[in-house]
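One-letter residues, chain by chain:
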Amino acid sequence: MNGKRIRLARIIAFLLGLSAVGWTQVIENPAKPMAANAGRIVTLKEELRIEDTGKGYFFKNPGPIRVSPRGDIFFRDGPEQALQFDAEGRFVRNLFKKGQGPGELSTVIDTWASLGRLYLIGYPPKILVYDLEGNLVQELPLRSGLVGGRFVLADSANLLVYGSGRPDPSGGTGFIDIPWDIIAIEPDDSSQKTIGSFPIPSYIKVEQGGAISGTSWNQLQVVTLDGNSMFVNSSSEYLIGNFVRDKNAVVLRFRRPYIRIKNAGGGVSSSRGSKPSISEFLPDIYALHIVDGQLWVQTSTVTEEKGILFDVFDTKGRYIDNFYIQSMMNNEDGEPARIRMAIVGGFAYFKEETSDGLIVIRKCRLVGL
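What you see is a predicted model; the values in this text were computed from it and never measured.

Examining the overall build of the protein
Moving on, step 1. In terms of helices and strands, the protein carries 1 helix and 26 strands.
Moving on, step 2. Burial statistics for the protein: of 369 residues in total, 46% are counted as buried.
Moving on, step 3. Once local pairs closer than 6 in sequence are excluded, the contacts in the protein between residues at least 24 apart make up 46%.
Moving on, step 4. Of the roughly 18,800 Å² of accessible surface on the protein, 51% is carried by carbon and sulfur atoms.

Overview of the sheet that holds strand β1 (residues 25-28)
Moving on, step 1. One open sheet accounts for 5 strands, arranged β1-β19-β18-β17-β16; its pairing is mixed. Looking at which strands have only one partner, the edges of the open sheet turn out to be β1 and β16 (221-224). Recorded for the sheet is a direction-independent mean angle of 25° between the axes of neighbouring strands.

Observations concerning the pattern of salt bridges
Moving on, step 1. Scanning the entire structure with this criterion turns up 16 salt bridges.
Moving on, step 2. With a closest N to O distance of 2.9 Å, D311 and R256 form a salt bridge. With a gap of 55 residues between them, D311 in strand β22 (residues 307-313) and R256 in the loop between β19 (249-255) and β20 (285-291) connect regions that are remote in the sequence.
Moving on, step 3. Overall, the relative accessible area of 0% leaves D311 in the buried class.
Moving on, step 4. Judged by relative accessible area, which is 10%, R256 ranks as buried.
Moving on, step 5. Taking the shortest distance from any N to any O, the salt bridge between R362 and E352 comes out at 2.6 Å. Residue R362 is found in strand β26 (residues 359-367), and its partner E352 is found in strand β25 (residues 347-353); the two are separated by 10 residues along the sequence. With respect to burial, R362 and E352 carry one shared label: buried.
Moving on, step 6. Bridged by salt links that share partners, the residues E46, R49, E352 and R362 form one connected network.

A short note on the nonpolar core
Moving on, step 1. With 18 residues, the main nonpolar core has W296, F310, M341 and L366 as its most contacted residues.
Moving on, step 2. Contributions of two or more residues to this core are made by β2 (40-51), β21 (294-303), β22, β23 (319-325), β24 (341-344), β25 and β26.
Moving on, step 3. Contacts of L366, omitting those with residues within four sequence positions, involve V42, T43, L44, W296, I325, I343, G346, F347 and A348.

Examining unusual backbone geometry
Moving on, step 1. The linkage connecting Y123 with the following residue, P124, adopts the cis geometry, with an omega of -5°.
Moving on, step 2. Here P124 shows up in the loop between β8 (117-123) and β9 (126-131).
Moving on, step 3. You will see that N248, though not glycine, has its phi angle at about 50°, which is positive.
Moving on, step 4. Considering the arrangement of structural elements, one finds N248 in the loop between β18 (240-244) and β19.
Moving on, step 5. A positive phi angle, near 50°, is found at D292, a position not held by glycine.
Moving on, step 6. Residue placement: D292 occurs in the loop between β20 and β21.
Moving on, step 7. Among the residues examined, D292 registers a relative accessible area of 75% and is labelled exposed.

A few points about the packing of aromatic side chains
Moving on, step 1. In the structure shown here, the tally under the stated rule is 20 aromatic pairs.
Moving on, step 2. The interplanar angle of 50° and the centroid separation of 6.0 Å between the aromatic rings of F59 and F75 together place this pair among those described as tilted. Linking F59 in the loop between β2 and β3 (66-67) with F75 in strand β4 (residues 73-76), this pair joins segments that are 16 residues apart in sequence.
Moving on, step 3. Taking relative accessible area as the criterion, F59 reaches 5% and is therefore assigned buried.
Moving on, step 4. Taking 6.5 Å as the distance between ring centres and 35° as the angle between the ring planes, the aromatic pair formed by Y162 and W180 counts as tilted. With Y162 in strand β12 (residues 159-164) and W180 in strand β13 (residues 174-185), this residue pair connects regions lying 18 residues apart in the sequence. As far as the burial class goes, Y162 and W180 line up, both buried.
Moving on, step 5. One aromatic cluster in this structure is built from F231, Y238, F254, Y258, F313 and Y319.
Moving on, step 6. A cation over a ring is seen here: R340 above Y286, with NZ or CZ 4.1 Å from the ring centre.
Moving on, step 7. Its end group placed over the ring of F347, K363 keeps NZ or CZ at 4.4 Å from the ring centre.

Focus on the environment of Y57
Moving on, step 1. Take Y57: it is sitting in the loop between β2 and β3.
Moving on, step 2. Residues Y57 and N94, 37 residues apart in the sequence, show an inter-C-alpha distance of 7.4 Å.
Moving on, step 3. The residues contacting Y57, other than those within four sequence positions of it, are I50, E51, D52, Q81, L83, F85 and F91.
Moving on, step 4. Engagement of the side chain of Y57 in a polar contact is seen with the backbone oxygen of E51, the distance being 2.7 Å.

Each value, and the rule that gives it
Within each chain, residue numbers correspond to sequence positions counted from 1 in written order. Under the rules for a predicted model, residues below a pLDDT of 70 receive no local features and side-chain atom pairs below 80 are neither given nor counted, while totals for whole chains, interfaces and linings still include all residues. With hydrogens and water stripped out, all remaining heavy atoms of the structure feed into the side-chain values. What counts as a helix is a DSSP run of H or I of at least four residues, what counts as a strand is a run of E of at least two, and both are numbered from the N terminus. Each residue is assigned to one of three classes by its accessible area relative to the maximum for its type, calculated with a 1.4 Å probe on protein chains only: buried under 20%, partly exposed between the two thresholds, exposed over 50%. Two residues qualify as a contact provided that any one of their heavy atoms is within 4.5 Å of a heavy atom in the partner residue. In short, Shrake-Rupley with a 1.4 Å probe defines the accessible areas, and a residue's cover is counted only from the protein chains shown. Here a strand pair is declared whenever DSSP counts at least two bridges between the two strands. For helices, the axis comes from a line fit to the C-alpha atoms of the stretch in contact; other axes are also lines fit to C-alpha atoms, and the angle between any two N-to-C directions lies between 0 and 180 degrees. By convention in these notes, a salt bridge is any Lys or Arg side-chain nitrogen within 4 Å of a carboxyl oxygen on Asp or Glu. Here, nonpolar core means buried Ala, Val, Leu, Ile, Met, Phe, Trp, Tyr and Cys residues that are tied together by side-chain atoms lying within 4.5 Å of each other. Pairing of aromatic side chains requires ring centres within 6.5 Å, counting the rings of Phe and Tyr and the six-membered ring of Trp. Pairs whose planes differ by under 30 degrees are stacked, by over 60 edge-to-face, and all others tilted. Charge-over-ring contacts are defined here by two conditions on Lys NZ or Arg CZ: a distance within 6 Å of the ring centre and an angle within 35 degrees of the ring normal. Distance and chemistry together define a polar contact, namely a pair of N or O atoms within 3.5 Å, with one atom able to donate a hydrogen and the other to accept it when in protein, and with adjacent residues in sequence counting only for side-chain atoms on both sides.

Listed below in structure tokens is the structure:
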């Protein structure tokens, strides 16, 4: 009888394990990748710098940098700038126009650059499409339920955005799962369809009068190969899913053993008990990148000797390589900083604050890949 109970317990545990991963295959990679030269150091050689001239724009806090196939550099900077530069770093225009009318926004949230087109998303909820000469080509309204929509991909064949849903205040203060949705938009008729949804635990506080404030320790990260196969991370731990649009499902998940990075001040309660304790660890994955048909995972690991640790996986979730990119900046504690960057055509694009407090955009060649 005891043997039967043990076997039953094992079966139940197995089924629960399957349920937890959505009944998809989980690839457990080894700690070390396949490449013989894994662990090498890649250096950055500056080839272009965009400085704040004060003529037509003023750098405040540049957002994600987008690079078009012909080399246009495009990004939001604060709520009222969508700055376009040519491949030589020369300022072209600010595409943002403030207002509520056609071609106007009160706030720009994200940008995208593709072959022949530039895209803005913002409030009022809509997407504006421009040609590279700054002419408005199309305006697409969005559902108002999407909070802080950002681009996954925008081109002539695909228009994909993602963002969080709005929490329901009726549940009161506490932890809830907020869905982060990937939405496909049809350029012809503006119809929208949620193609994937990923719940993320968040702490919600309902204030007097119904106002809502929230705290999350991670958010959805999405990159795509082709508009159909996407790689997503919705966990603070090292776990990546391959979501396939035409199957409407995560077809596999993969990970590798990872030593988590302590969060400075993590594990302590916030003041006055108004929020839950700060997470003990940083999210394992800092950013996802698609580079030459492979997935580059930018981790939270940064060392003074080597730099920022990147892992490389193939499209089947196999851990094939890793390397360090030397960090060219230090944080407030004088340690090598984590850098939000775009990686395109063998170059890394990122913002940097100089010692005298000025913000610059740098384009650096990756040397030693």
